Amino acid sequence: MRFGLAKVEQWNLGLSASAVAASLALETPHFATSLAAGALLEAVNLGALRRAAVRFFAGELERTWTAAFALRFLFLAAGIFLVLQAGAHPVALLIGLSIAMPAALVDAWLNR
């Protein structure tokens with residue numbers, strides 16, 4: 001099995017790393033760690049969402065895809081809950097979780 005990242009995932013990791021580095025330089029380490037935790041949760045979710053979308057449009061998903069979709073969001077919600085309970089900065093976590101949107105916009109713009 002070959003492991004590779006799609007361009008949108010590469011953009012996402014690059015933007016996430018840049019945001020963590022900038023927050024480490026401009027904010028507290030707690031803020032940067034919380035942003036990194038949000039970016040990690042979001043990167044895992046984006047990768048799973050992209051792979052599921054590719055399989056869906058290729059006609060390879062079975063009827064159980066909705067259960068897998070719901071289970072993925074349940075794991076994401078549990079991850080967010082656990083990170084917040086561990087004391088993460090909520091704004092930094094939200095920023096980290098939102099980095100996929102600029103990455104998707106940049107990737108879409110470059111591939112128009």
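Every chain's residues receive numbers from 1 upward, in the order its sequence appears when written. pLDDT decides what is reported in this predicted model: residues at 70 or higher carry local features, side-chain atom pairs at 80 or more are listed and counted, and totals for whole chains, interfaces and linings draw on all residues regardless. The side-chain values count all of the structure's non-hydrogen atoms but skip hydrogen atoms and water molecules.

## Looking at helix H5 (residues 100-110)
Thinking step 1. To sort residues, take the accessible area from a 1.4 Å probe on protein chains only and compare it with the maximum for the residue type: under 20% means buried, over 50% means exposed, and anything in between is partly exposed. Here a strand is any run of E in DSSP of at least two residues, a helix any run of H or I of at least four, and the numbering for each starts at the N terminus. Buried residues of H5: Ala100, Ala103 and Asp107, and no others. Along the axis of H5, the buried residues cluster in a sector spanning 65°; they form a single face. Set apart from the buried face of H5 by more than 90 degrees, the exposed residues are Met101, Leu105 and Trp109. The directions considered for the arc run from the helix axis to the C-beta atoms.

## Focus: the packing of helix H2 (residues 29-57) against helix H3 (residues 65-85)
Thinking step 1. As a rule, the C-alpha atoms of each element are fitted with a line to give its axis, helices using only the stretch in contact, and angles between N-to-C directions run from 0 to 180 degrees. With their axes 10 Å apart at the nearest point, H2 and H3 run at an angle of 175° to one another. What the angle tells us is that H2 and H3 run roughly antiparallel. For the pair H2 and H3, the contacting residues are Ala37, Leu41, Asn45, Ala48, Leu49 and Phe56 in the first and Trp65, Phe69, Arg72, Phe73, Leu76, Gly79, Ile80 and Val83 in the second.
Thinking step 2. As a working rule, the residues Ala, Val, Leu, Ile, Met, Phe, Trp, Tyr, Cys and Pro are called nonpolar, Asp, Glu, Lys and Arg charged, and the rest polar, with Gly in that last group. Within the contact of H2 with H3, the residues separate by chemical class into eleven nonpolar, two polar and one charged. Orientation categories follow fixed angle ranges, with anything under 35 degrees roughly parallel, anything over 145 roughly antiparallel, 65 to 115 roughly perpendicular, and all other angles oblique. Should any heavy atoms of two residues lie within 4.5 Å, those residues are counted as being in contact.

These values are about where atoms sit, not about what they do.
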